[in-house]
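The lines below spell out each chain.
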Amino acid sequence: MSQFRAKKLDLSCFINVRVLRDHTKRKVFEQYETERQALRYIIRNTTLPGRARAQAQLQLSQMHCYTRSTQINNRCIEGGKSRGVFKDFRMARYPFRMNALEGNIPGVKKASW
Amino acid sequence: MSVPQSRIFDLLQVQCRIFSQTFNPQRLRTGNRVLRQRLRGPSVAAYYPRRVATIKDLKKLYKGFDEEMETWDDDEEDRLEHLLLAKQRGKGAPKKKRTAEESKKIKGKKKPAVAAIAPKESKF
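Each residue is numbered by its place in its chain's sequence as written, counting from 1. Lettering for chains starts from A, numbering for ligands starts from 1, and both go in the order in which the items are written. Only residues with pLDDT of 70 or above have their local features reported here, since the model is predicted, and side-chain atom pairs are shown and tallied only from 80 upward, although totals for entire chains, interfaces and linings are computed over all residues. Each side-chain value is worked out from all heavy atoms of the structure, with water and hydrogens disregarded.

Thoughts on the interface of chain A and chain B
Only heavy atoms enter the contact rule, under which two residues are in contact if any of them lie within 4.5 Å. Listed per partner, the contact involves 30 residues of chain A and 22 residues of chain B. Note: buried area is the sum, over both parts, of the accessible area (probe 1.4 Å) each one loses when the two are combined. Each partner contributes to the roughly 2,400 Å² buried at the junction of chain A and chain B, and carbon and sulfur atoms together form 57% of this total. The salt bridge criterion pairs a side-chain nitrogen of Lys or Arg with a carboxyl oxygen of Asp or Glu, the two atoms within 4 Å. The tally of links from chain A across to chain B stands at one salt bridge. B:R50 serves as the salt-bridge partner of A:D10, at 3.9 Å between the closest nitrogen and oxygen. What qualifies as a polar contact is a pair of N or O atoms within 3.5 Å, subject to a donor-acceptor requirement within protein and to the restriction that residues adjacent in sequence count only when both atoms come from side chains. Where chain A touches chain B, the interface holds 15 residue pairs in polar contact (both at pLDDT 80 or more). Here the nonpolar group is Ala, Val, Leu, Ile, Met, Phe, Trp, Tyr, Cys and Pro; Asp, Glu, Lys and Arg are the charged ones; every other residue, Gly included, is treated as polar. Each residue belonging to the side of chain A that touches chain B can be placed in one class, and the counts come to nine nonpolar, ten polar and eleven charged.

Notes on the layout of surface pockets
Residue and element names in this part refer to chain B. Using protein atoms alone on a 1 Å grid, points that fit a 1.4 Å probe yet trap it form a cavity, whereas open point sets bounded by protein on both sides within 12 Å along at least five of seven lines form a pocket; residues with an atom within 4 Å of a point count as lining. Grid points are joined across faces, edges and corners, and a volume is the space filled by probe spheres set on the points. The calculated volume of the largest pocket comes to roughly 390 Å³. Helix numbers and strand numbers start at the N terminus; a helix is a DSSP run of H or I with at least 4 residues, a strand a run of E with at least 2. Broken down by element, the residue count for the lining of the largest pocket peaks at five residues, all from helix α2 (residues 32-36). Tallied by class, the residues present in the lining of the largest pocket amount to three nonpolar, seven polar and five charged.

As for the environment of A:A54
With respect to the helices and strands, the residue A:A54 is situated in helix α2 (residues 50-61). On a C-alpha basis, the gap between A:A54 and A:R5 in space is 31 Å, while along the polypeptide they are 49 residues apart.

Remarks on the nonpolar core
In this text, buried Ala, Val, Leu, Ile, Met, Phe, Trp, Tyr and Cys residues form a nonpolar core when linked through side-chain atoms within 4.5 Å. Whether a residue is buried, partly exposed or exposed follows from its accessible area with a 1.4 Å probe, protein chains only, as a fraction of its type maximum: under 20%, in between, or over 50%, in that order. Membership of the largest hydrophobic core is limited to seven residues, which are A:L11, A:C13, A:V19, A:L20, A:I77, B:Y47 and B:Y48. Leave out the neighbours within four places in its chain, and A:I77 touches A:C13, A:F14, A:R90, B:Y48 and B:P49. A:C76, A:M91, A:F96 and A:I105 belong to the second largest nonpolar core, which has six residues in total.

A short note on the packing of aromatic side chains
Side-chain rings of Phe, Tyr and Trp, where Trp is taken by its six-membered ring, are said to pair if the distance between their centres is within 6.5 Å; with planes under 30 degrees apart they count as stacked, over 60 as edge-to-face, and otherwise as tilted. For the structure shown, the criterion picks out six aromatic pairs over all chains. When the centroid spacing of 6.4 Å and the interplanar angle of 80° are considered together, the rings of A:F86 and A:F89 count as edge-to-face. On the accessibility criterion, A:F86 (36% relative accessible area) is partly exposed. Ring centres of B:F9 and B:F23 lie 6.4 Å apart, and the angle between their planes is 80°; this geometry places the pair in the edge-to-face category. In this pair, B:F9 is assigned in helix α1 (residues 5-18) and B:F23 in the loop between α1 and α2, connecting sequence segments 14 residues apart. For B:F23, a relative accessible area of 32% translates into the label partly exposed. Sitting over the ring of B:Y47, A:R26 keeps its end group 4.2 Å from the ring centre. Counting as a charge over the ring demands two things of the Lys NZ or Arg CZ atom: a distance within 6 Å of the ring centre and an angle within 35 degrees of the ring normal.

Thoughts on unusual backbone geometry
Positive phi values are uncommon outside glycine, yet A:R90 reaches one of about 55°. Mapped onto the secondary structure, A:R90 falls in the loop between β1 (85-86) and β2 (91-92). Residue A:R90 is classed as partly exposed on the basis of its relative accessible area, which comes to 27%. The residue B:S20 is not glycine, and still its phi comes out positive at about 45°. With respect to the secondary-structure elements, B:S20 resides in the loop between α1 and α2. Residue classification places B:S20 among the exposed positions, given a relative accessible area of 67%.

This is the structure we're talking about:
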């Protein structure tokens, strides 16, 4: 949501609205991670009173969806694609191939045997 | 040879103290698992490359030093050249309208008259 979005653009890779959204989600997740973990701890702890645990459950479920890690999706930094993205290179398969053949990615070589 | 359970518990207690774990012989669900997890936020948020200082930022920062400092911005020059060419071909952006009347003139299509919209009466 736009309330979390940075007022000034802070990305230097390929930018479209989906990349921007994902980046915003990442930052929001980082911001609220400790809060979420604390609530999760309260929920999982069976030695605490049931009322407190139920309250924590409610609070966790009412947090904004951007604070969830499951909302985050790795996207290609070259073209913003979400499918076929190599996690290690943060690139979709085609930009990865192009860059690898040009020799821009250290340690990657075309295999032939 | 069997070892008494109290002895095993003692051993576990010492083990937990050494490795700074919580001693929990009843195996209660205390949720310590959650506390032991590492925070993933910083690594997750660092996925996309962040913007570093650009020439535009530098220019803005050192505004008063234009005579002494010479900067160049290829992208900006390309953009201006493209605009100039577009204007020469008559494809540039229209001029900014200053008054409300001027802007009103162009706005939207001419609306059809009311009579044209109303359905004609048909006689049988």
